[in-house]
Amino acid sequence: VKPMTPRCTVPKAVPVGKTASLHCHENEGYPKSTYSWYRNSEPLSPDTKSNAKFQNSSYTLDPTTGTLVFHAVHKGDTGRYSCIATNDAGFAKCEEQEMEV
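So, how was this worked out
Residues numbered from 1 in each chain as written. Predicted model: local features only at pLDDT ≥ 70, side-chain atom pairs only at ≥ 80, totals over all residues. Heavy atoms only, no water. Helix = DSSP H or I, 4+ residues; strand = E, 2+ residues; numbered from the N terminus. Rg over C-alpha atoms; globule rule 2.2 N^0.38 Å. Buried < 20%, exposed > 50% of the residue type's maximum accessible area, 1.4 Å probe, protein only. Contact = heavy atoms within 4.5 Å. Areas by Shrake-Rupley, 256 points an atom, 1.4 Å probe, with all protein chains shown as cover. Lys, Arg positive; Asp, Glu negative; His and termini not counted. Charge placed at Lys NZ, Arg CZ, Asp CG, Glu CD. Polar contact = N/O pair within 3.5 Å; in protein donor to acceptor, adjacent residues only side chain to side chain. Disulfide = S-S within 2.5 Å.

**Q** Can you explain the overall build of the chain? Please cite residues and give values.
**A** Looking only at helices and strands, the chain features 0 helices and 9 strands. Reading the secondary structure of the chain in the N-to-C direction produces β-β-β-β-β-β-β-β-β. Computed over its C-alpha atoms, the radius of gyration of the chain comes to 13 Å, within 12% of the 13 Å expected for a compact globule of 101 residues. Dimensions of the chain, computed from the C-alpha atoms along their principal axes, are close to 40 × 30 × 20 Å. For the chain, the proportion of its 101 residues judged to be buried stands at 40%. A separation threshold of at least 6 residues defines the contact pool for the chain, and within that pool the share at least 24 residues apart is 61%. Total accessible area on the chain stands at roughly 5,800 Å², and carbon and sulfur atoms take up 54% of it. Each charge class in the chain was averaged separately, 11 positive and 11 negative side chains, and the resulting centres sit 4 Å apart.

**Q** Account for the environment of Lys2, with residues named and values stated.
**A** By the element assignment, Lys2 lies in the segment before strand E1 (7-9). Overall, the relative accessible area of 47% leaves Lys2 in the partly exposed class. Measuring from C-alpha to C-alpha, the distance between Lys2 and Gly17 comes to 38 Å, with 15 residues separating the pair along the chain. Apart from the residues lying within four places of it in its own chain, the contact partners of Lys2 are Gly29, Asn87, Ala89, Gly90 and Phe91. At 3.1 Å, the side chain of Lys2 and the backbone oxygen of Phe91 are in polar contact.

**Q** Before we move on, could you go through the state of the cysteines and cite the residues and values that matter?
**A** Scanning the entire structure with this criterion turns up 2 disulfides. Two residues, Cys8 and Cys94, share a disulfide whose sulfurs are 2.0 Å apart. Since a negative S-S torsion denotes a left-handed disulfide, the Cys8-Cys94 link at about -100° is left-handed. You can see Cys8 sitting in strand E1 and its partner Cys94 sitting in the loop between strand E8 (90-93) and strand E9 (97-99), a full 86 residues away along the chain. On the basis of relative accessibility, which here comes to 13%, the residue Cys8 falls in the buried class. Judged by its relative accessible area of 6%, Cys94 is buried. Among the cysteines of the chain that take part in disulfides, numbered as they appear in the sequence, the pairing is 1-4, 2-3.

**Q** So what's going on with the environment of Thr34? Which residues, and what values?
**A** Position of Thr34 among the secondary structure elements: in strand E3 (residues 34-39). Assessed through its relative accessible area of 39%, Thr34 is described here as partly exposed. Linking Thr34 and Pro63, residues 29 residues apart in sequence, is a C-alpha distance of 5.3 Å. Beyond its immediate chain neighbours, meaning those up to four positions away, Thr34 contacts Pro63, Ile84, Ala85 and Thr86.

Here it is in structure tokens:
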């Protein structure tokens with residue numbers, strides 16, 4: 001069963017240095033969806049250590065729960081965030097939402 005459009009929660013504004021949690025979830029898809037996050041239409045790597053572009057980012061991304069947590073946000077984390085839920089039957093994307101730091 002193809003995933004439904006996921007419900008995304010993105011904080012509107014977060015003070016520099018604070019924690020920010022972004023959530024993405026849908027429960028119609030079968031098999032269970034995996035989640036990927038995008039900032040300004042660029043995919044965020046689930047593994048920040050192996051990707052030079054994201055080494056300065058302080059986030060963890062859990063593809064199974066759809067949770068993206070910034071441990072200490074900085075100005076560079078400002079942007080439009082969206083999430084895609086994917087399974088064997090297809091994928092669905094939530095609307096982009098702005099997060100300001």
